[in-house]
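# Structure at a glance
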Amino acid sequence: KVENEEMLETTFLKRKIKNPIGLAAGFDKSAEVYRSLWKFGFGLIEVGTVTPRKQFGNLKPRIFRLKEDEALINRLGFNNDGLAAVIKRLSHGWPDLRGILGVNIGPNYDSSSYEHDFLKCLHNLMHSALAHYITINISSPNTENLRDFHDESKLESLMKDINKLKKEPIPTADMPIFVKKKIGMPEKQIIDIPVFLKISPDIEDSSVEKISEIIINQKINGVILTNTSNVNRSLLKSSNKHQVGGLSGKPIRELSTGLIKKFYKKLKGKAYIIGAGGVDSGKSAFEKIAAGANTVQLYTGMIYKGPGIVKEIKKELIQILKAEGMKNIQEAVGKGI
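Each helix and strand counted, the protein chain has 10 helices and 15 strands in total. Relative to its length of 337 residues, the protein chain is compact, with a C-alpha radius of gyration of 19 Å against a globular reference of 20 Å. Counting only C-alpha atoms, the protein chain reaches 55 × 45 × 35 Å along its principal axes. Evaluated residue by residue, the protein chain yields a buried proportion of 58% over its 337 residues. Long-range pairs, those at least 24 residues apart, make up 72% of the contacts in the protein chain between residues at least 6 apart in sequence. When the accessible surface of the protein chain is split by element, carbon and sulfur atoms take 49% of a total near 15000 Å².

See the structure below:
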């Protein structure tokens, strides 16, 4: 517990959480340790990326530290235990959650239809009712052609299929017993699970407008800005800078914050924004919130600074709020625009 932590309380997806600091997908890919991770003080945790079938990912070595740059490059390739194993583990953690739990989903690398894989994961997670939101990961650079979904027509088609699936009533018999108790016992129930999109930091400005329009028109609940970068290597110092994979950490901080500002102006509060990319301090977290993010996520920062980073960020955020004359973190959202 941090002194004055109530200043960080926020409402996200119509739920109150203790703070806006989240753990990004990629750390707990197969939902093995998320229950223990709450102890570090996160307000939200996202597990995954989960694929329909178990897969081992790319050959090792596949993750590289760039110490001089406070960065990582990974080409893990969605290594995870598969959807069935993840749903089983998630069922063990409910309903004892200390914050918001998201599940990040993606396709198997050898899939004949990425669309089918997204829909299969979403369908099964809706039936289990074990996530507060589901993230459609269209932005990993390590799955061939996945980023093609940033194309306007392809993204719109996928989101229309997702919305159609979300409207299908789910047989109550398929749901866990604690969910049945919560909703009563109708024969079928529509579970309107919020859906987020995880976007690449490498998109053109023209794509911001197109993707924002699709988010609004298709009533997508939120967007995660951003995933790792395929570019942005020229100023790096580490000898590992030319490794193939996605760059995360401090070098993409400004890139992702800039995209948050652009999307915030277009979305005008019609969708939530989760800011990710280089969050490793109260200052960097505040920058993203002031740019328009409702909450933030970190990963690389925890690799370098350890789990104590969450407490440090909370302390620093409270100091910044006091210095800015703000009583609550929600006042800071979009203030830097």
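Strand order in the open sheet formed by three strands is 5-6-13, with antiparallel pairing between adjacent strands. Looking along the sheet, the strands with just one partner apiece sit at the ends: strand 5 (63–66) and strand 13 (246–249). Pairs of neighbouring strands in the sheet enclose a mean axial angle of 25 degrees, with direction left out of account.

Scanning the entire structure with this criterion turns up five aromatic pairs. Considering the side-chain rings of Tyr-133 and Phe-196, the 4.8 Å spacing of their centres and the 45 degrees angle between planes classify their relative orientation as tilted. Taken together, the residues span a long stretch of sequence, with Tyr-133 in strand 8 (residues 133–137) and Phe-196 in strand 11 (residues 195–199) at a distance of 63 residues. With a relative accessible area of 0%, Phe-196 lands in the buried category. Within the aromatic cluster, the residues linked to one another by ring pairs are Phe-12, Tyr-133, Phe-196 and Tyr-272. The aromatic ring of Tyr-304 is capped on one face by Arg-65, whose charged end is 5.4 Å from the ring centroid. The side chain of Lys-154 reaches across the aromatic face of Phe-149, ending 4.7 Å from its centre.

Once that is clear, we can look at the nonpolar core. Counting residues in hydrophobic clusters, the biggest one holds 79 residues, and the most contacted among them are Leu-90, Ile-136 and Phe-263. Setting aside residues no more than four positions away along its own chain, Phe-263 makes contact with Ile-203, Val-208, Ile-211, Ser-212, Ile-215, Leu-225 and Ile-273. Leu-13, Ile-17, Phe-196 and Ile-274 belong to the second-largest nonpolar core, a separate cluster that totals 10 residues.

Take Ser-111: it is sitting in the loop between strand 7 (100–105) and helix 3 (114–128). From its side chain, Ser-111 meets the backbone oxygen of Ser-113 in a polar contact 2.9 Å long.

This next bit is on the pattern of salt bridges. This structure, assessed with the given rule, holds nine salt bridges. Residue Asp-205 pairs with Lys-262 through a salt bridge whose shortest N-O separation is 2.8 Å. A residue pair is termed long-range when its members are at least 10 positions apart, and Asp-205 in helix 6 (residues 205–217) and Lys-262 in helix 7 (residues 253–267) qualify at 57 residues. By relative accessible area, Lys-262 is classed as partly exposed at 37%.

Further remarks concern helix 7. Look at helix 7: 21 Å from first C-alpha to last across 15 residues, which is about the 21 Å you get at 1.5 Å a residue. Those residues of helix 7 that sit buried are Arg-253, Ser-256, Thr-257, Leu-259, Ile-260, Phe-263 and Leu-267. Axial view of helix 7: buried residues confined to an arc of 160 degrees, hence all on one face. Facing away from the buried surface of helix 7 by more than 90 degrees, the exposed residues are Glu-254 and Lys-265. After helix 7 finishes, the residue Lys-268 shows a positive phi value of roughly 50 degrees.

The subject of this paragraph is the sheet that holds strand 12 (residues 222–225). One closed barrel accounts for eight strands, arranged 3-4-7-8-11-12-14-15; its pairing is parallel. Taking the axes of each pair of neighbouring strands and ignoring which way they run, one obtains an average angle of 25 degrees across the sheet. Note that strand 3 (residues 21–23) and strand 15 (residues 295–298) share three bridges and pair parallel. Residue pairing for strand 15: Gly-22 is matched across the bridge by Gln-297. Most of the contacts of helix 7 go to strand 14 (residues 272–276), to which it runs at about 175 degrees, and overall it touches strand 12 and strand 14.

So, on to the packing of helix 2 (residues 83–93) against helix 3. Helix packing for two helices is described by the angle between their axes and how far apart those axes are. Where helix 2 contacts helix 3, the two axes come as close as 11 Å, and the packing angle between them is 25 degrees. Between helix 2 and helix 3, the crossing angle belongs to the class labelled roughly parallel. Seen from above, helix 2 lies across helix 3 with right-handed handedness. Note on element contacts: helix 3 touches helix 2 through Lys-120, Cys-121, Asn-124, Leu-125 and Ser-128, opposite Leu-83, Ile-87 and Leu-90.

Time to look at a positive patch on the surface. There is a patch of like positive charges on the surface, built from Lys-1, Lys-18, Lys-39 and Arg-98. For Lys-18, a relative accessible area of 57% translates into the label exposed.

This next bit is on the side chain of Ser-200. Position of Ser-200 among the secondary structure elements: in the loop between strand 11 and helix 6. Of the polar contacts made by the side chain of Ser-200, one reaches the side chain of Arg-147; its length is 3.2 Å. A polar contact is formed between the side chain of Ser-200 and the backbone nitrogen of Asp-202, at a distance of 2.9 Å. Once residues lying within four places of it in the same chain are set aside, the contact partners of Ser-200 are Ser-139, Arg-147, His-150, Thr-226 and Leu-259.

Calculation rules
Residues numbered from 1 in each chain as written. Predicted model: local features only at pLDDT ≥ 70, side-chain atom pairs only at ≥ 80, totals over all residues. Heavy atoms only, no water. Helix = DSSP H or I, 4+ residues; strand = E, 2+ residues; numbered from the N terminus. Rg over C-alpha atoms; globule rule 2.2 N^0.38 Å. Buried < 20%, exposed > 50% of the residue type's maximum accessible area, 1.4 Å probe, protein only. Contact = heavy atoms within 4.5 Å. Areas by Shrake-Rupley, 256 points an atom, 1.4 Å probe, with all protein chains shown as cover. Pairing = 2+ DSSP bridges. Axes fitted to C-alpha atoms, helices over the stretch in contact; angles between N-to-C directions. Phe/Tyr/Trp six-rings, centres within 6.5 Å; stacked < 30°, edge-to-face > 60°. Lys NZ or Arg CZ within 6 Å of the ring centre and 35° of its normal. Core = buried A, V, L, I, M, F, W, Y, C linked by side-chain atoms within 4.5 Å. Polar contact = N/O pair within 3.5 Å; in protein donor to acceptor, adjacent residues only side chain to side chain. Salt bridge = Lys/Arg side-chain N within 4 Å of Asp/Glu carboxyl O. Expected span 1.5 Å × (residues − 1). Arc of directions from axis to C-beta. Parallel < 35°, antiparallel > 145°, perpendicular 65-115°, else oblique. Left-handed = near helix turned anticlockwise from the far one by under 90°. Patch = residues over 30% accessible without salt bridge, like charges linked within 9 Å, V, L, I, M, F, W, Y side chains within 5 Å. Lys, Arg positive; Asp, Glu negative; His and termini not counted. Charge placed at Lys NZ, Arg CZ, Asp CG, Glu CD.

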